[in-house]
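# Structural overview
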Amino acid sequence: MSAYLVSSDDYHKQRKRLNKRLNKLRHELNLITKDTKDYKNKEKTSAISAADYEKNDKYGLILLLTAERDNLYALEIKNVLEISNEKVASYKNLMISKIKRSLQSTQKLLSITATEKSDLKRIEIYIYAALVQGQLSIAKKQWALALNAFSIAKCALDFLYAQLEKKEKEGEGRTVGLSEEDNEEDEEAFNKILVNELLDTVVDPSLSLAVSQDDNVIGSTTDLKTISHKHCRDGKLPYLNGAIKIIEKIDPSFVSELFTSVELIRSVTWRDHEANLYNDEIAYRLMELTDDDKTNWRAFTDANQFDKLITGWTEVLEIHTSSSEKNQDDDDIEKVQDRAILLTYISYNLLFTRLKRDLLIVDQLSSTNDIENNRDIYRLFNGIISITQELKDLPGVYNDEDLFASLENLEKYFTAKKQIVLAESFSYNNKFGEALKIYSYIENEVLSVEDEFYKIQEFPYQVTNNEEFEDFKKELSKKLLQAHISAQFAYDSTSREKLYAIENINKYPLSELKDLVNLSKTPRIQPVLSKPVLFDVAFNYISYDLGRSSNTAGAANVASPSAVSPVTSSDQDDSSKKRGGFFGMFGRS
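In what follows, the accompanying structure is described. (Residues numbered from 1 in each chain as written. Predicted model: local features only at pLDDT ≥ 70, side-chain atom pairs only at ≥ 80, totals over all residues. Heavy atoms only, no water.)

## Some thoughts on the overall build of the protein
The secondary structure content of the protein amounts to 22 helices and 2 strands. A separation of at least 24 residues holds for 70% of the contacts in the protein among residues at least 6 apart in sequence. With the model as given, the accessible surface of the protein reaches about 37300 Å², and the carbon-plus-sulfur share is 51%. (Helix = DSSP H or I, 4+ residues; strand = E, 2+ residues; numbered from the N terminus. Contact = heavy atoms within 4.5 Å. Areas by Shrake-Rupley, 256 points an atom, 1.4 Å probe, with all protein chains shown as cover.)

Next comes the structure, spelled out in structure tokens:
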């Protein structure tokens, strides 16, 4: 709606389109007055009665479109006044007169639909009447009437939105035709968008203006929901009280005054920073969430019990975020600062609530002593470490040195516990060396902190503390010693000496005897070659003449001396070299 109607020309074109539709509808219902002389007494629209509406509800549509046409005319004039200073007084009077005519048509519509059976349709008409009345009251600067009208409109719109959501949920289980179901879903989605747009662009800004201008409004809250519940029953506009009665009949919580019997807190403190609360609903919810006796979180033994707390903190965060978005143009620096502190306060507690729940899940899985759960525990610790990183990224945390250092060490602590899970898995699979490396790494990383590990006294929900860390160090020392012993024993039991029995005649690998001798079969003895290379070399130096030397002796004597060539010194040297043998250790004969 606001995206298409921006300029005065847009309102003018829309008014002309609506006027054409109105004329067609008048022809259809035979409400055309052809004789325009003395038109006021002859026109038929003002003569529409409740009986006509019961016969045909289009008579009600005639009055609604007439009111809307006059309202569009007033908005067109208002847009002209915002950009031009000419004829301001006359234009303003014309605008007020058009709003009055629109309100008269709306009041007429309320009177003829008094017997309407649909409560939601009646609520829609009351909402339109309240919006027109509020617009007229602001134009005439009647702030008390504007406050009452827009308070009724806000309560009724909130109620209508809740009913639309309820209807949507109920429709999910029905079986209807595909096209019919799609049409209903589209209509319901459009109605919800329209309600939100009316609240954001018309009702909330106008209600805030009325509150700021009305001197009779007493209270420190700026929560529009609380204000509307309080002032919807002012009774300054009796013809709109029917809306309160319909809502009260179906769901009184939408029109009952909030927190009347409860003394609400007006501020919260986070790390020596105090933030004032301007929203009564947030104040009430924070009181409920921070009351340990009511939540009784210390007695929680199941992780699912924390879901209610997490939902509560999440809803408070959504309310605060929505409120901050609506007031993001606030020029009050103190309020901006208060909202920033409150945002960190809510996010800080929400993250620690999630962290406490995950730690409880880890404890539940660890108590089963099932190594198969280590995979899930490892994954959970990854999520826990991510939460601690989100805590460090919150606004204001980095500037707090003690808190930031404590969160840094908290991340180290959970990282160490995650690595211990990994080391235990290695030990279970007899990989003691890897487990020992992990334990040694943890000792170097975590135990290097000389001062107190956490510089703040405690974390929310007693997540951990310095005493718990001291116990963790003692447990780590025991695990490290056990890892040393297991790794050493594993090394000794898998030593190389047991693989070669021949190297040491005094040691026998008892666990490996089955591989050396198979006593279930008849033994077979085979020769074993011992140093075959040296044996071959020695064999080459054995003499094999076998008596041939005695037969050749005579022939040698018969030979003439001249036949024997003289032996030179060089031949002697060569023969001596040949007789050198293998590495000079053996000689030939």
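The discussion continues.
## Some points on the pairing of strand β1 (residues 267-270)
Here β1 shows a buried face lined by Val 268 and Trp 270 and an unburied face lined by Ser 267 and Thr 269. Here 4 bridges tie β1 to strand β2 (residues 273-276), and the two strands are oriented antiparallel to one another. Each bridged residue has a counterpart across the sheet, and for Val 268 the counterpart in β2 is Ala 275. Between the end of β1 and the start of β2, which pair antiparallel, lie 2 residues, with Arg 271 showing a positive phi angle near 50 degrees. (Buried < 20%, exposed > 50% of the residue type's maximum accessible area, 1.4 Å probe, protein only. Pairing = 2+ DSSP bridges.)

## Things to note about a positive patch on the surface
A grouping of Lys 13, Lys 16, Arg 17 and Lys 20 is seen on the molecular surface, where their side chains present a positively charged patch. Turning to its location among the elements, Arg 17 is positioned in helix α1 (residues 8-28). (Patch = residues over 30% accessible without salt bridge, like charges linked within 9 Å, V, L, I, M, F, W, Y side chains within 5 Å. Salt bridge = Lys/Arg side-chain N within 4 Å of Asp/Glu carboxyl O. Lys, Arg positive; Asp, Glu negative; His and termini not counted. Charge placed at Lys NZ, Arg CZ, Asp CG, Glu CD.)

## Notes on the pattern of salt bridges
Considering all chains together, one arrives at 20 salt bridges under this definition. Among the ionic pairs, Glu 281 bridges to Lys 225, the shortest N-O distance being 3.7 Å. Of this pair, Glu 281 sits in helix α11 (residues 280-290) while Lys 225 is found in helix α9 (residues 224-231), placing the two residues 56 residues apart along the sequence. Residue Lys 392 is joined to Glu 411 by a salt bridge in which the shortest nitrogen-to-oxygen separation is 2.6 Å. Remark: Glu 411 occurs in helix α16 (residues 401-428) and Lys 392 occurs in helix α15 (residues 374-392); sequence separation between them is 19 residues. In this structure, a network of salt bridges that share partners links the residues Lys 225, Glu 281, Arg 285 and Glu 315.

## Notes on helix α6 (residues 119-139)
Here α6 is 21 residues long and its end C-alpha atoms lie 30 Å apart, about the 30 Å a rise of 1.5 Å per residue gives. Buried residues dominate α6, accounting for 15 of its 21 residues. Immediately beyond the C-terminal end of α6, within one or two residues, lies Lys 141, with a positive phi of roughly 60 degrees. (Expected span 1.5 Å × (residues − 1).)

## Remarks on unusual backbone geometry
Of note in this structure, Tyr 461 is not a glycine but carries a positive phi near 60 degrees. Topologically, Tyr 461 is positioned in the loop between α17 (432-446) and α18 (466-493). Using a relative accessible area of 9% as the deciding quantity, one classes Tyr 461 as buried. One non-glycine residue, Gln 462, lies in the positive phi region at around 50 degrees. Under the relative-accessibility criterion, Gln 462 is labelled partly exposed at 44%.

## What to know about the packing of aromatic side chains
Ring pairs (aromatic) are described by centroid distance and by the angle formed between their planes. Under the counting rule described, the total for this entry stands at 15 aromatic pairs. Taken together, a centroid distance of 4.9 Å and an interplanar angle of 75 degrees make the contact between Phe 453 and Tyr 454 edge-to-face. A relative accessible area of 3% means that Phe 453 is categorised as buried. On the basis of an interplanar angle of 85 degrees and a centroid distance of 5.4 Å, the ring pair of Tyr 454 and Phe 459 is categorised as edge-to-face. For Tyr 454, a relative accessible area of 1% gives the class buried. By relative accessible area, Phe 459 is classed as buried at 3%. Three or more aromatic residues joined by ring pairs make a cluster, and in this case those are Trp 270, Tyr 348, Phe 352, Tyr 413, Phe 414, Phe 453, Tyr 454, Phe 459, Phe 469 and Phe 472. The residue whose ring lies beneath Arg 15 is Tyr 73, and the NZ or CZ to ring-centre distance is 4.1 Å. The residue whose ring lies beneath Lys 335 is Tyr 278, and the NZ or CZ to ring-centre distance is 5.2 Å. (Phe/Tyr/Trp six-rings, centres within 6.5 Å; stacked < 30°, edge-to-face > 60°. Lys NZ or Arg CZ within 6 Å of the ring centre and 35° of its normal.)

## Considering the side chain of Ser 228
Within the secondary structure layout, Ser 228 lies in helix α9. Exposure remark for Ser 228: the relative accessible area of 0% places this residue in the buried category. A polar contact is formed between the side chain of Ser 228 and the backbone oxygen of Lys 225, at a distance of 2.8 Å. Not counting chain neighbours up to four residues away, the residues in contact with Ser 228 comprise Ser 151, Lys 154, Cys 155 and Leu 207. (Polar contact = N/O pair within 3.5 Å; in protein donor to acceptor, adjacent residues only side chain to side chain.)

## Topic: a negative patch on the surface
On the surface, a cluster of negative charge is contributed by Asp 363, Asp 451, Glu 452, Glu 467, Glu 468, Asp 471 and Glu 475. The element that contributes the greatest number of residues to the negative patch is α18, accounting for 4 residues. Look at Glu 475 and you get partly exposed, because its relative accessible area is 43%.

## Let's talk about the state of the cysteines
In total, this model carries 0 disulfides according to the counting rule given. Cys 232 supplies the cysteine sulfur nearest to Cys 155, a cysteine that is in no disulfide, at a spacing of 4.1 Å. Look at Cys 232 and you get buried, because its relative accessible area is 0%. (Disulfide = S-S within 2.5 Å.)

## What to know about the packing of helix α14 (residues 333-366) against α16
Their axes nearest at 15 Å, the elements α14 and α16 cross at an angle of 20 degrees. When the axes of α14 and α16 are compared, the pair comes out roughly parallel. When the axes of α14 and α16 are compared, the crossing they make is left-handed. Listed contacts from α16 to Tyr 348, Phe 352, Leu 355 and Leu 359 of α14 are Leu 403, Leu 407, Leu 410 and Phe 414. Grouping the amino acids of the contact of α14 with α16 by side-chain chemistry returns 8 nonpolar, no polar and no charged. (Axes fitted to C-alpha atoms, helices over the stretch in contact; angles between N-to-C directions. Parallel < 35°, antiparallel > 145°, perpendicular 65-115°, else oblique. Left-handed = near helix turned anticlockwise from the far one by under 90°. Nonpolar A, V, L, I, M, F, W, Y, C, P; charged D, E, K, R; others polar.)

## Quick word on the environment of Val 203
With respect to the secondary-structure elements, Val 203 resides in helix α8 (residues 178-213). Spatially, the C-alpha atoms of Val 203 and Ala 149 are 9.6 Å apart, while their sequence positions differ by 54 residues. If we skip the residues at most four places from it in the chain, Val 203 touches Leu 131, Phe 150, Ala 153, Lys 154, Leu 157 and Leu 198.

## Section: the side chain of Asp 400
Within the fold, Asp 400 resides in the loop between α15 and α16. A distance of 2.8 Å separates polar atoms of two side chains, one belonging to Asp 400 and the other to Arg 271.

## Some thoughts on the nonpolar core
In globular proteins that are soluble, nonpolar side chains generally tend to be buried together. Membership of the largest hydrophobic core comes to 66 residues, with the highest contact counts inside it found for Leu 286, Phe 352, Leu 391, Phe 414 and Phe 459. The set of elements that each furnish at least two residues to this core consists of β1, α11, α13 (307-326), α14, α15, α16, α17 and α18. With 12 residues, α14 is the largest single contributor of residues to this core. In contact with Phe 352, other than residues within four places in its own chain, are Leu 391, Leu 407, Leu 410, Phe 459, Pro 460, Tyr 461 and Val 463. In this structure, Leu 72, Ile 125, Cys 155 and Leu 157 belong to the second largest nonpolar core, which totals 54 residues. (Core = buried A, V, L, I, M, F, W, Y, C linked by side-chain atoms within 4.5 Å.)

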